[in-house]
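# Fold and contact review
Below are the chains, spelled out letter by letter.
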Amino acid sequence: MFPKRLSDGYQAFLEGRFHNERARYEQLGETGQSPEILLIGCCDSRVSPEVIFDAGPGEMFVIRNVANLVPPYEGEAEASSYHGTSAAIEFAVNALEVKHIVVLGHASCGGVRAVFDDAEPLTKIDFVGKWMSQITPVSENLPRTGDRATDIQRLEWAVVGHSLANLMTFPSIRARVQQGKLELHGAYFGVATGLLFLRDPASGEFSPCQAQPAA
């Protein structure tokens, strides 16, 4: 049976948001999408980009995977596997011609914590472990402070920087950035606090974009 929570939610959507924004949905259905922002985030259920940024339909092209990772570009000779994230990036950049790419990390990321703790595989095939092995060198090269919470957060921040660096290995992205047609941004969301941090592209440091949200 289809989950009742989804049926009820869909009914609320029809009577609420769809009703209020019907003209917008009709326009999107007739003319297609033209978002200016590609957002690459984690598939964690607590970190919905559309909710965090109060985005309407058609405003953001969103890619979500475990730990908001961007794999390095692979040319024709190396691209022998399926590449869902790379395919979505390719479409957003070359077909939709987005003007901004945001990599959104977050606090309490299970994938990052698994790498930090060198966790046991969840299954024999270990899809998660193979995917997260992309950041093993990042974790190994990151100096430790000795405080677990601080070190995990620093690794979460480093993963955002790692994904941004990998984006620049895509020839089409690198060309558009150099031409001033595309900007890359790093951000980090505090799940418990609601605080959004932005990454300084020069220093790689993160700082809050606004004051602490009111309780």
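Counting from 1, residues in each chain are numbered in the order their sequence is written. Side-chain atom pairs in this predicted model are given and counted only at pLDDT of 80 or more, local residue features only at pLDDT of at least 70, and totals for whole chains, interfaces and linings cover all residues. Side-chain metrics rest on all non-hydrogen atoms present in the structure, leaving aside hydrogens and water.

Strand order in this open sheet of six strands is β2-β1-β3-β4-β5-β6, and the pairing throughout is mixed. Of all strands in the sheet, those with a lone pairing partner are β2 (60-65) and β6 (206-208), marking the two edges. Neighbour to neighbour, the strand axes of the sheet diverge by 25 degrees on average, direction disregarded. Note: two strands are recorded as paired if DSSP finds a minimum of 2 bridges between them. Think of it this way: any DSSP run of H or I at least four residues long counts as a helix, any run of E at least two long counts as a strand, and we number them from the N terminus. Relative to β2, strand β1 (residues 37-42) runs parallel, the two sharing six bridges. Directly across from Gly41, in β2, lies its bridge partner Arg64. Together, β1, β3 (100-106), β4 (183-189), β5 (196-199) and β6 form the strand contacts of helix α9 (residues 148-167), whose direction differs from that of β4 by roughly 160 degrees. Between the N-to-C directions of two axes lies an angle of 0 to 180 degrees, each axis being a line fitted to C-alpha atoms and, for a helix, fitted only over the stretch in contact. Residue contacts follow a heavy-atom distance rule, with two residues in contact if any of their heavy atoms lie within 4.5 Å.

Right, let's get into the environment of Gly111. For Gly111, the location among the structural elements is in helix α6 (residues 110-117). Residue class for Gly111 comes out buried when judged on its relative accessible area of 10%. The spatial distance from the C-alpha of Gly111 to the C-alpha of Asp44 is 9.4 Å, given a sequence separation of 67 residues. Residue contacts for Gly111: discarding those within four places in its chain leaves Val66 and Met132. Note on classification: 1.4 Å probe, protein chains only; a residue is buried when its accessible area is under 20% of the maximum for its type, exposed when over 50%, partly exposed between these limits.

The next subject is the packing of aromatic side chains. Pairing of aromatic rings covers Phe, Tyr and Trp, the last counted by its six-membered ring, and requires centre-to-centre distances within 6.5 Å; plane angles under 30 degrees mean stacked, over 60 mean edge-to-face, and any other angle means tilted. In total, this model carries 11 aromatic pairs according to the counting rule given. A centroid spacing of 5.8 Å and a plane angle of 45 degrees characterise the contact between Phe61 and Phe91, whose relative ring orientation is tilted. Here the residue Phe61 occupies a position in strand β2, and Phe91 occupies one in helix α5 (residues 84-95), the gap between them amounting to 30 residues. Judged by its relative accessible area of 15%, Phe61 is buried. With centroids separated by 5.9 Å and ring planes inclined at 70 degrees, the aromatic side chains of Tyr188 and Phe197 adopt a geometry described as edge-to-face. Accessibility expressed as a relative area gives 1% for Tyr188, which makes it buried. Each member of the aromatic cluster is reached from another via a ring pair, and the members are Tyr10, Phe13, Phe18 and Tyr25.

Below, the discussion takes up unusual backbone geometry. The phi torsion at Ser108 lies on the positive side, around 60 degrees, for a residue other than glycine. Relative to the assigned elements, Ser108 resides in the loop between β3 and α6. With a relative accessible area of 39%, Ser108 lands in the partly exposed category. The phi dihedral of Asp118 is positive, around 50 degrees, even though this residue is not glycine. Tracing the sequence through the fold places Asp118 in the loop between α6 and α7 (127-132). On the accessibility criterion, Asp118 (65% relative accessible area) is exposed.

Below, the discussion takes up the packing of α6 against α9. Viewed as axis vectors pointing N to C, α6 and α9 meet at an angle of 120 degrees, and their least axial separation amounts to 10 Å. Viewed along their axes, α6 and α9 form a crossing whose handedness is right-handed. Contacts from Val112, Arg113, Phe116 and Asp117 in α6 reach Arg148, Asp151, Ile152, Leu155, Glu156 and Val159 in α9. Each residue is assigned to one of three groups, with Ala, Val, Leu, Ile, Met, Phe, Trp, Tyr, Cys and Pro labelled nonpolar, Asp, Glu, Lys and Arg labelled charged, and all others, Gly among them, labelled polar. Split by residue class, the contact of α6 with α9 holds five nonpolar, no polar and five charged. Helix crossings fall into two classes, left-handed where the near helix is turned counterclockwise from the far one by less than a right angle and right-handed where it is turned clockwise.

The next point concerns the pattern of salt bridges. Here a salt bridge means any side-chain nitrogen of Lys or Arg lying within 4 Å of a carboxyl oxygen belonging to Asp or Glu. Counting across every chain of the model gives six salt bridges. The salt bridge involving Arg17 is made with Glu21; its shortest N-O contact spans 2.7 Å. Exposure remark for Arg17: the relative accessible area of 37% places this residue in the partly exposed category. Of the charged contacts in the structure, one is a salt bridge between Asp117 and Arg148, with a shortest N-O distance of 2.7 Å. With Asp117 in helix α6 and Arg148 in helix α9, this pair connects stretches of sequence that are 31 residues apart.

Those residues carrying the UniProt feature "binding site: Zn(2+)" (unreviewed entry) are Cys42, Asp44, His106 and Cys109 in this numbering. Across 68 residues of sequence, these annotated residues stay compact in space, with a maximum C-alpha separation of 9.0 Å. Along the chain, the position of Asp44 falls in the loop between β1 and α4 (49-52). On the basis of relative accessible area, Asp44 is assigned to the buried category, the value being 14%. Once you skip the residues sitting within four places of it in the chain, Asp44 turns out to touch Arg64, His106 and Ser108. Within the element layout of this structure, His106 appears in strand β3. With a relative accessible area of 2%, His106 lands in the buried category. UniProt positions are given in the numbering used here, feature names are shortened, and annotations may be inferred rather than shown by experiment.

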